[in-house]
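Residue-level listing of the chains:
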Amino acid sequence: MVWATRALLASLPAMGVAFLSPQRCSNVQLDHPSSNIKGAPDAHIRTFPSLFSKRTTSEELIPREILFGNPENTSPILSPDGKNLAYLAPSPNGVMNIFIRNLLANGEGDKSKDRMITNEPKRAIRSVAWAYDSETILFMNDFDGDENFHLFAVDALGDDDDGTIPTPRDLTPGKDVKAQNIITNYRYPNEILVGTNQRDPKTFDMYRLFYKTGEMHLDTLNPGDVIGWKVEDESFEVRGATVRNEVDSSTTIRIRQSGDAVNNDESETEWKDVFHFPYGEEGGLIDFCADGGKTGYLTSSLGRETTALLKVDLISGETIEEIYANDKCNVGGITLHKDTKELRALSHNYARTERVFYDRELEKDYDFLKANGPNPDAEVGVVSRTQDESKWIVNYFQSDGPTAYFVYDKPNQAITPLFVSNPKLLQYKFAPMEDVRIRSRDGLELVGYLTRACTEGPSPLILLVHGGPWARDYWGFDSRAQWFANRGYATLKINYRGSTGYGKSFLHKGDGQWGVGDMQHDLTDSVKWAINQGIADAENICIYGGSYGGYACLAGLTFTPDLYKCGVDIVGPSNIKTLLDSIPSYWAPLRNGMLLKIGDVDNDAELNERISPLFHVDKIKAPLLIGQGANDPRVKQAEADQIAFSMQEKGIPVEYVLYPDEGHGFARPENRIDFNARSELFLAKHLGGRAEEFVEVKGSTAQFPLLEKKGDDVA
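Residues numbered from 1 in each chain as written. Predicted model: local features only at pLDDT ≥ 70, side-chain atom pairs only at ≥ 80, totals over all residues. Heavy atoms only, no water.

1. Regarding the sheet that holds strand E31 (residues 433-439)
Part 1 of the argument: The strand order across the open sheet formed by eight strands is E31-E32-E34-E33-E35-E36-E37-E38, and the pairing between neighbours is mixed. Of all strands in the sheet, those bounded by a partner on one side alone are E31 and strand E38 (654-659). Neighbour-to-neighbour, the strand axes of this sheet turn through a mean angle of 20 degrees, independent of strand direction.
Part 2 of the argument: For strand E35 (residues 536-546) and strand E36 (residues 566-570), the ladder comprises five bridges, and the chain directions are parallel. When the bridges of E36 are listed, Cys542 appears paired with Cys566. (Pairing = 2+ DSSP bridges. Helix = DSSP H or I, 4+ residues; strand = E, 2+ residues; numbered from the N terminus. Axes fitted to C-alpha atoms, helices over the stretch in contact; angles between N-to-C directions.)

2. Some points on the environment of Leu580
Part 1 of the argument: With respect to the helices, strands and loops of the structure, Leu580 is situated in helix H9 (residues 576-581).
Part 2 of the argument: Using a relative accessible area of 1% as the deciding quantity, one classes Leu580 as buried.
Part 3 of the argument: Residues Leu580 and Arg591, 11 residues apart in the sequence, show an inter-C-alpha distance of 7.5 Å.
Part 4 of the argument: Those residues in contact with Leu580 that lie beyond four places of it in its chain are Arg591, Met594, Leu595, Ile598 and Val601. (Buried < 20%, exposed > 50% of the residue type's maximum accessible area, 1.4 Å probe, protein only. Contact = heavy atoms within 4.5 Å.)

3. Considering the pairing of strand E24 (residues 331-336)
Part 1 of the argument: The pairing of E24 with strand E25 (residues 343-349) spans four bridges and is antiparallel. Along E25, the bridge assignment pairs Thr335 with Ala345.
Part 2 of the argument: Hairpin connection between E24 and E25: a loop of six residues separates the two successive antiparallel strands, and Lys341 in this loop has a positive phi of roughly 65 degrees.

4. Section: the pattern of salt bridges
Part 1 of the argument: In this structure the tally under the stated criterion is 57 salt bridges.
Part 2 of the argument: For Asp205, the salt bridge goes to Arg199, with nearest N and O atoms at 2.5 Å.
Part 3 of the argument: By relative accessible area, which is 0% here, Asp205 ends up buried.
Part 4 of the argument: The class for Arg199 is partly exposed, based on a relative accessible area of 42%.
Part 5 of the argument: Salt bridges sharing common partners tie together Lys122, Asp144, Asp661, Arg668 and Glu670. (Salt bridge = Lys/Arg side-chain N within 4 Å of Asp/Glu carboxyl O.)

5. Some remarks on the packing of helix H7 (residues 518-532) against helix H8 (residues 548-559)
Part 1 of the argument: Taken N-terminus to C-terminus, the directions of H7 and H8 make an angle of 75 degrees; their axes are 11 Å apart at the nearest point. One element, H7, and the other, H8, form an angle in the roughly perpendicular class. Seen from H7, the contacting residues are Met519, Gln520 and Leu523; seen from H8, they are Tyr548, Ala552, Ala555 and Gly556.
Part 2 of the argument: Per-class residue counts for the contact of H7 with H8 are five nonpolar, two polar and no charged. (Parallel < 35°, antiparallel > 145°, perpendicular 65-115°, else oblique. Nonpolar A, V, L, I, M, F, W, Y, C, P; charged D, E, K, R; others polar.)

6. Describing the sheet that holds strand E16 (residues 226-232)
Part 1 of the argument: Across the sheet, four strands lie side by side as E16-E17-E18-E19; this open sheet has antiparallel pairing. The two strands at the open ends of the sheet, each matched to only one other strand, are E16 and strand E19 (272-277). Taken over all neighbouring pairs, the strand axes of this sheet differ in orientation by 25 degrees on average, direction set aside.

7. Focus on the side chain of Asn185
Part 1 of the argument: Considering the arrangement of structural elements, one finds Asn185 in the loop between strand E12 (179-183) and strand E13 (191-196).
Part 2 of the argument: One polar contact links the side chain of Asn185 to the main-chain amide nitrogen of Arg187, over a distance of 2.9 Å.
Part 3 of the argument: Among the polar contacts made by the side chain of Asn185, one reaches the main-chain carbonyl oxygen of Asp233 at a distance of 2.8 Å.
Part 4 of the argument: Excluding residues that lie within four positions of it along the chain, Asn185 makes contacts with Tyr132, Asp233 and Phe236. (Polar contact = N/O pair within 3.5 Å; in protein donor to acceptor, adjacent residues only side chain to side chain.)

8. Observations regarding the packing of aromatic side chains
Part 1 of the argument: Going through the model one piece at a time under the given rule, you end up with 26 aromatic pairs.
Part 2 of the argument: Geometrically, the ring pair formed by Phe357 and Tyr366 is tilted, given 5.3 Å between the ring centres and 55 degrees between the ring planes.
Part 3 of the argument: Given a relative accessible area of 10%, Tyr366 falls into the buried group.
Part 4 of the argument: Note on Tyr659 and Phe675: the rings are 6.4 Å apart at their centroids and 85 degrees apart in plane angle, and the pair reads as edge-to-face. Residue Tyr659 is located in strand E38, and its partner Phe675 is located in helix H13 (residues 669-687); the two are separated by 16 residues in the primary sequence.
Part 5 of the argument: Note on Tyr659: relative accessible area 0%, which makes it buried.
Part 6 of the argument: Taken together, the ring pairs in this structure connect Trp470, Tyr496, Trp514, Tyr548 and Tyr551 into an aromatic cluster.
Part 7 of the argument: One Lys or Arg, Lys328, reaches over the ring of Tyr350 and ends 4.1 Å from the middle of that ring.
Part 8 of the argument: In this arrangement the basic side chain of Arg385 is found over the ring face of Trp392, its NZ or CZ atom lying 4.4 Å from the centre. (Phe/Tyr/Trp six-rings, centres within 6.5 Å; stacked < 30°, edge-to-face > 60°. Lys NZ or Arg CZ within 6 Å of the ring centre and 35° of its normal.)

9. Digging into the confidence of the model for the chain
When pLDDT drops low, the exact placement of atoms in the prediction is not to be read closely.
Part 1 of the argument: Of all residues in the chain, 90% have pLDDT values of 70 or greater, and the mean over the chain is 91.
Part 2 of the argument: Scored below 50 in pLDDT, residues 26-36 makes 40 contacts in the model with residues more than four places away or belonging to other chains.
Part 3 of the argument: The model gives residues 43-53 a pLDDT under 50, and that stretch makes 42 contacts with residues more than four places away or in other chains. (pLDDT = per-residue confidence, 0-100.)

10. Looking at H8
Part 1 of the argument: Over its 12 residues, H8 runs 16 Å from end to end, which matches the ideal 16 Å to within 8%, given 1.5 Å per residue.
Part 2 of the argument: Most of H8 sits inside the fold, with 12 of its 12 residues counted as buried.
Part 3 of the argument: All of the buried residues in H8 are Tyr548, Gly549, Gly550, Tyr551, Ala552, Cys553, Leu554, Ala555, Gly556, Leu557, Thr558 and Phe559. (Expected span 1.5 Å × (residues − 1).)

Right under this line is the structure:
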């Protein structure tokens, strides 16, 4: 099953007031009326026509509501029988819900008779899939950002003549229960395999779920060290397990030849350790081949820098064939034939997505789609296919415009427009994103992505740091980068050491390098590169990020206080020890690996103090804006509280916005737009860019702990 997922639009901080500067592509005029909105920034801004014609984006201010509000349509997915289309769109109340289009009756482009089949009142649905009966929709949702996602089922084809919206069924009920590892199989259309931690909060067992009746029973017990499962398709049995050793953080792939203990002897159902990856290596089981699970596909970095795709013997562990490897980056997406399990294509991404084809027919399809797309620079991707693969949904992803979705009629070699994710963006001009290469101080090549604000001369720069940190940035449309460019700021995103996808050495060069080490040095070096290239104004640099990016913001302000004019921290940790002491219980198998990557803050208090910004608040010179979700299960509210209150007590400029119905980031558009509005004024105040007037966002739940404490102190 392929799930269609709408990634959370990143939550953004907002910066303040602006002024005219003939050296920059920004121009606003400010005044400072008093405001009766609690927590509102202390300045209103009114814009006037640009003095320059060298902007990379539209001359007019692109509204925040358009950049960060809900898309009009997204995540389309075809039913297996091709008769219906499901997609996500805003309900009349402005919350992303699931809609169904009857393709046979209404055609691909007519949405006038589309039906809304869910009515989530507050929390957007972000993932949707068809069950293989072509009648049931499966989706997941959590509760105010707690990340305890439940699996729901809803009737997609019910009689709705009276306008009634069907009630979803919670297939994985229970307080604090989290569902993951959801697997469907067209050979078993009425069953689902799903992992939940309902038995033990720390581990995920696999359950066999009959979604039409809700019947569910334990299929495979987790002995306590399994962090992922793999299923053999023909039997629809759990045959593979990814195991993490909590002591040395090595990874082992366990295999069993059968999951049926009734009809097979114990030797076939016994788990055996077949592949082992010591800490520092990368790899994992991709899938079983169509030979009863005797062979399979594996990625592995053993004996090389980057991961290679291998065909392996799942009984002996021997390599049958090394299929593909790239010397600069890991193997990425892998496409297998759903029946034969023959390799059809794979991709890798150093800076942009590249594909290698093993199926000539599939290559011709991609060539046709690329040649007939709306933009020759766009990257094409397959979002969904019918069961017989006669009809596809494809998307065209570009850096300077919204994603466009098309229906591909494979037998007739024809593509038809379906919809654009956010058509309101089409009326504006956006800046292209450039992939760049930067040398660190020790000679390491870093891949980055630059979005310029103007075509000539330096501008203020926002260093936008990705989270993880064991993740990476990609090329493509980024609403934050376009927002910044339109307001007058260049944006630089960097895959610093410790980012994933570039091989094991690049990844582990980040070990022990948080805060005062080379991971932060890579960010510093990238800023200096932008200054030396004439891209960035050295006097007006902001560091901005979420999660680890938020930590990097705090580290940048404390450990390189003269480099940054201001910073925006979203859900960033300020004390590494308290961060690790409060992670979810189901992260327990991963905790030791985090210590190996970060440093042993459990047993080395001096190290923790050295790399935790909380202990260096006195060094901060630049103003800081903090955004936090109260229900964040990863980076608890205390991480924001402790540094915000410390800065306030020491008289260091800090603003702190808390959202009680959010988690690790801001999923609700009302809160996202609210925080971005505050961020925009904050940035304008300190960097001198343009900004829309601040308007209170209806439905936002913003709270202001620093103001409330000040009020309590006065009282």
